[in-house]
Amino acid sequence: MVTWTKDSLQAHNDGRTQNDASRSKVFCLKLRIKSLFLALLITTGAHASPDLGVRCISRTPLYWRYNVQYANNLPYLAPTHGQDPLLDQHWPNAGESIGFSAQVRNHGDQAVDGFEYRWKIDGLVQGGTRMFGGYVAQGATVNVPFASSWPQNLDDHTVTVEIDPNLLVSDSFRQNNTYTDSTNALSYSIWVEQGLYDRFNARLNGFGTRSFEDWIRWQFDAMRNDFARSVYPGFAANGILERIRIEEINVIPFDPNDLNNWRRYLDNDPHMFLNDGRWQFTSDRQTLTEKIADWDNYVNSFVGQIDWGLIHELSHQLGVIDEYRMNMPFPQANQVRTREGRELNSMHAFHAGGLMGGGYILPGYDGSYYDSHTAGYLNRNLHYRRGFYGEFLFDMPLRSYAQFFDGLGAPLHGARVDFYQKNQSSEYIYNTPTFSGVTDALGKFQMPNRLVRGTTTATGHTLRNNPFGQLSVVGQDGTMLVKVTLGDQEDFRWFEIIQLNEAFWLGNTQTTVVPFHTSIFPVPRGVPGVSFQNVALGKPTAASSRPDLAHFANDGDLTTIDHTWVPDPPSVGAWWQVDLGAIRPIGRAVVYPCAGNNHDWFSSFHLEVSRTGAFAGEQAHVPLESNCDESRAAGDYSLQRLTGLGNRVVYTFAPVRGRYFRIVSDVFQNWVQLQEFELYPFLGMGWIDEK
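Every value quoted in this text rests on a predicted model; they were computed, and no experiment measured them.

## Observations regarding helix H5 (residues 288-302)
Here's step 1: With 15 residues, H5 ought to run about 21 Å at 1.5 Å a step, and its terminal C-alpha atoms sit 21 Å apart, in line with that.
Here's step 2: Buried residues along H5 sit in contact with strand E10 (186-193), helix H2 (194-201) and helix H4 (262-267).

## Digging into the sheet that holds strand E11 (residues 244-252)
The strands that make up a sheet are held in pairs by hydrogen bonds between backbone atoms, and each pair lies either parallel or antiparallel.
Here's step 1: Ordered by their spatial adjacency, three strands build an open sheet running E11-E10-E12, and the pairing between neighbours is parallel. Both edges of this open sheet fall to E11 and strand E12 (277-281), since each of them pairs with a single strand only. Direction aside, neighbouring strands of the sheet carry axes that sit 20° apart on average.
Here's step 2: Judged from the five bridges that link them, E10 and E12 form a sheet pairing that is parallel. When the sheet's bridge partners are listed, Trp191 is paired in E12 with Gln280.
Here's step 3: Strands E10, E11 and E12 of the sheet are contacted by H2, whose axis makes an angle of about 95° with E10.

## Looking at the packing of helix H7 (residues 372-380) against helix H8 (residues 497-505)
Here's step 1: The contact between H7 and H8 brings their axes to 10 Å, and the two run at 40°. By the criterion of interaxial angle, the relationship of H7 to H8 is oblique. In this structure, the crossing between H7 and H8 has a hand that is left-handed. Residues Ser372, His373, Gly376, Tyr377 and Arg380 of H7 pack against Ile498, Asn501, Glu502, Phe504 and Trp505 of H8.
Here's step 2: Residue classes in the contact of H7 with H8 are distributed as four nonpolar, four polar and two charged.

## Looking at the sheet that holds strand E16 (residues 444-447)
Here's step 1: If you trace the three strands from one edge of the open sheet to the other, you get E16-E13-E21, paired in mixed fashion. This sheet does not close on itself; its edge strands, each paired only once, are E16 and strand E21 (511-517). Adjacent strand axes in the sheet meet at a mean angle of 25° when their direction is disregarded.
Here's step 2: Two strands pair when backbone bridges link them, and strand E13 (residues 399-405) and E21 are joined in this way by seven bridges, in the parallel orientation. Looking at the pairing, Arg399 lines up with Thr511 of E21.

## Observations regarding the pattern of salt bridges
Here's step 1: Across all of its chains, the model carries 26 salt bridges by this definition.
Here's step 2: Measuring nitrogen to oxygen at the nearest pair gives 2.9 Å for the salt bridge that ties Asp491 to Arg493.
Here's step 3: Residue classification places Asp491 among the buried residues on the basis of a relative accessible area of 4%.
Here's step 4: As a salt-bridge pair, Arg641 and Glu630 come within 3.6 Å of each other at their nearest N and O atoms. Of the two residues, Arg641 is situated in the loop between helix H9 (628-633) and strand E26 (649-665) and Glu630 in helix H9; the sequence distance between them amounts to 11 residues.

## Digging into the side chain of Thr564
Here's step 1: Of note, Thr564 is situated in the loop between strand E22 (541-543) and strand E23 (575-593).
Here's step 2: Within polar-contact distance, the side chain of Thr564 engages the side chain of Gln673 at 2.7 Å.

## Regarding the confidence of the model for the chain
Here's step 1: A residue-level look at the chain finds 91% of positions with pLDDT of 70 or above and a mean pLDDT of 91.
Here's step 2: Throughout residues 1-46 the model reports pLDDT below 50, and contacts reaching past four residues in sequence, or to other chains, amount to 68 contacts.

## Notes on the nonpolar core
Here's step 1: The biggest cluster of nonpolar side chains holds 99 residues, and the ones touching the most others in it are Phe115, Trp119, Val144, Phe212, Ile216, Phe419 and Phe495.
Here's step 2: Residue contributions to this core peak at eight residues, all from helix H3 (residues 212-229).
Here's step 3: Ranked by size, the runner-up nonpolar core spans 33 residues in total, among them Phe552, Val578, Tyr651 and Phe661.

The rules we used
- Residues numbered from 1 in each chain as written.
- Predicted model: local features only at pLDDT ≥ 70, side-chain atom pairs only at ≥ 80, totals over all residues.
- Heavy atoms only, no water.
- Helix = DSSP H or I, 4+ residues; strand = E, 2+ residues; numbered from the N terminus.
- Expected span 1.5 Å × (residues − 1).
- Contact = heavy atoms within 4.5 Å.
- Pairing = 2+ DSSP bridges.
- Axes fitted to C-alpha atoms, helices over the stretch in contact; angles between N-to-C directions.
- Parallel < 35°, antiparallel > 145°, perpendicular 65-115°, else oblique.
- Left-handed = near helix turned anticlockwise from the far one by under 90°.
- Nonpolar A, V, L, I, M, F, W, Y, C, P; charged D, E, K, R; others polar.
- Salt bridge = Lys/Arg side-chain N within 4 Å of Asp/Glu carboxyl O.
- Buried < 20%, exposed > 50% of the residue type's maximum accessible area, 1.4 Å probe, protein only.
- Polar contact = N/O pair within 3.5 Å; in protein donor to acceptor, adjacent residues only side chain to side chain.
- pLDDT = per-residue confidence, 0-100.
- Core = buried A, V, L, I, M, F, W, Y, C linked by side-chain atoms within 4.5 Å.

In structure tokens:
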């Protein structure tokens, strides 16, 4: 037995007698002779060789994770907790005797007559090199044990096993001979059908070997790397600190009389509550032909690459939610009405979502990274066993304010604000505000804390009265649409529970302020703002190319696919122009890409405005867009503008006066068509038409 402290990590006597040592020398000599013989076979054309690989490192004893049940959207511990102290222990006690066991499989096509191995704690060898003296047939699995004691805390420690460290076995692949786990890691059990398992074993995988065990190890390594690289100041300055490991890999035997016998095995899993997560590689097809097709398709798709969908699902086992459940991907689900009486139909879809389908990743990250919200939760629940799901959504400050600013950046005083929450059941947003109010001199509005049935989880998350009310831990009601109205002007913004969770995790547990930057401009009270009249409709047009098609872009036809202006060529600087017939103050433009494919329009463009039509340097320049697809299809809090309208994009800007308005491309892009372009005058503060 070794004591698990860094100061005392040293080699120790493993209790072997002198005879044991003699047998060891003979054994090593036999291995060397066998190795030379195998090398000779290889040089003469034979390819049979063993492949000793570590499947996983198991630990005893294991203790229960949380057994969580739900009632009325509230999590609670199952009645089993509190009846048996062992069910509430979760981790071994400091100094408790524990055992590790490395499962070693011979993946090769030749038997091995024994092998050496050694164990390490935190990189230091424990007890020297040891021997497994048994015969390991092709496809056989053996266990090599190691006894230790649990450390004083849950700080990071590693346990490593090295198979054949002195290279005495002529092994096909050596990258699977060494295996390292974090001892404080959350554990998974893996289940796989025999048919899929055999197919993985027959193919060279991305780990560089031929075994399912090494392939799944490669996937877990990718997940660990994703933890390390998902860095966020304030939430995960050093990445996600949680550790994961595989406790067991179970191969489900093939039964021709019960093709879906995996259900029975999983239903009778004896370690269901001992591991934090479980994932099965199974097919529920009803015929063998269909199952074989499923197995083949999966292996063909992923044997040589990381399955990020799998990493996504493994993350759920740690309590991480599908953040895309906060989305509203269908325009018709947003039934909030505008001042004109139309349903807004603005979608909510995260424009920079991470691996869990939402939240916010940093610039330079791609969709395989974890977002800041997920990273913040995982670090907040560090070293807690799993079983709860989404309970981190409960973390919100005691008082939450929304602060609104006008289009010039000043506090928006006296505006009416209406908050519409996404319905938990239908996932629609209806035209009835969840709560409303008026902004004060600083543009602030204190969001009300709505009554809930509260709870505090065993992982330290408290649901109390809050603006989102009685939450679903799945997250589908964690989104609100905010309508801001001042006089005849209105604007819309998205608000997510993410903003309150992250504020809480940054230390703002008592009070936080959520800013909203609107495109409402200051006008004297009683003076109208943006007109509802599209003054570009039917006016004379011109274009840099294909002027014969230019009139289609302001004829009022929003649906006919071939009634569009098509620039030829679609180059940088390509433009379409409308003559309003008089100098007018314009404060809003609406762009409709091709009705047949809403993607078919320039991704980046601007507005040029001239009083004379010369466009010889006298024109005003109004920036509009840098990512049209994002503005059209996505909508979330961080965009801070009206987005997600699907078939159009609305741009509201500081009013600019002119008669001739050009929309001008900033990029070269093929397959572009302009369905319709609308302009709306801004009325007020002395802005009037000039003939």
